[in-house]
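# Coordinate analysis (summary)
Here is how the chains run, residue by residue.
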Amino acid sequence: MTELLEQKCVPCTGSLPPATEEEIKRYKTQIPDWNVIETDGELHLQRVYQLPDFQSALAFTNLVGEIAEAEGHHPALLTEWGKVTVTWWTHAIGGLHHNDFIMAAKTDLLFKEL
Ligand SMILES: C[C@H](O)[C@H](O)[C@H]1CNC2=NC(N)=NC(=O)C2=N1
């Protein structure tokens, strides 16, 4: 399988196909620290990153914001003292698309490289 990290997001439009259950299982092996959660009937990908303090959490939040802008795909970000909760889903389809798994893998890389 092509590495999620090597891929780029496709533009979000209403006609995007949602990820199938089989795809979700397969992609998850590359992002084992992420959880698939259901919020208001929609599947989302979520991970909580631990950081040393608020300043580091804010800096990491901004780095995630930069890749979001670069890829045209945007997460929900909750910045707290010592942690950042990152949630990816595709608003256009109200659920998970391949793009969300690509962005989760890229978020993990950012964290690894801190
Ligand atoms: C026009 C613009 O590309 C779209 O509204 C994009 C922006 N960022 C987005 N981000 C996410 N996560 N889902 C979307 O459907 C989405 N749509």
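Attention here is on the structure that accompanies the text. (Residues numbered from 1 in each chain as written. Predicted model: local features only at pLDDT ≥ 70, side-chain atom pairs only at ≥ 80, totals over all residues.)

Moving on, we get to the site of the ligand. Around the ligand lies a shell formed by Pro11, Cys12, Gly72, His73, His74, Thr90, His91 and Ala92. A per-class count over the shell around the ligand returns 3 nonpolar, 5 polar and no charged. (Near = placed C-beta within 6 Å. Nonpolar A, V, L, I, M, F, W, Y, C, P; charged D, E, K, R; others polar.)

The next point concerns the pairing of strand E2 (residues 42-50). Bridge count between strand E1 (residues 35-39) and E2: 5 bridges; the pairing is antiparallel. Following the sheet pairing, Ile37 is matched in E2 by His44. With antiparallel pairing between neighbouring strands as the criterion, E1 and E2 make up a hairpin whose turn holds 2 residues, including Asp40 at a positive phi of roughly 50 degrees. Bridge count for E2 against strand E4 (residues 83-88) is 6 bridges, and the pairing is antiparallel. Note that in E4 the partner of Arg47 across the bridge is Val86. (Pairing = 2+ DSSP bridges. Helix = DSSP H or I, 4+ residues; strand = E, 2+ residues; numbered from the N terminus.)

Moving on to the sheet that holds E2. In sheet architecture, strand pairing relies on hydrogen bonds along the backbone and comes in two forms, parallel and antiparallel. The antiparallel open sheet is built from 4 strands, whose spatial order is E1-E2-E4-E3. Lying at the two open borders of the sheet, with one neighbouring strand each, are E1 and strand E3 (76-80). In this sheet, adjacent strand axes meet at a mean angle of 25 degrees when their direction is disregarded. Along the sheet, helix H2 (residues 54-71) contacts E2, E3 and E4; its crossing angle with E3, the most-contacted strand, is approximately 165 degrees. (Axes fitted to C-alpha atoms, helices over the stretch in contact; angles between N-to-C directions. Contact = placed C-beta atoms within 7 Å.)

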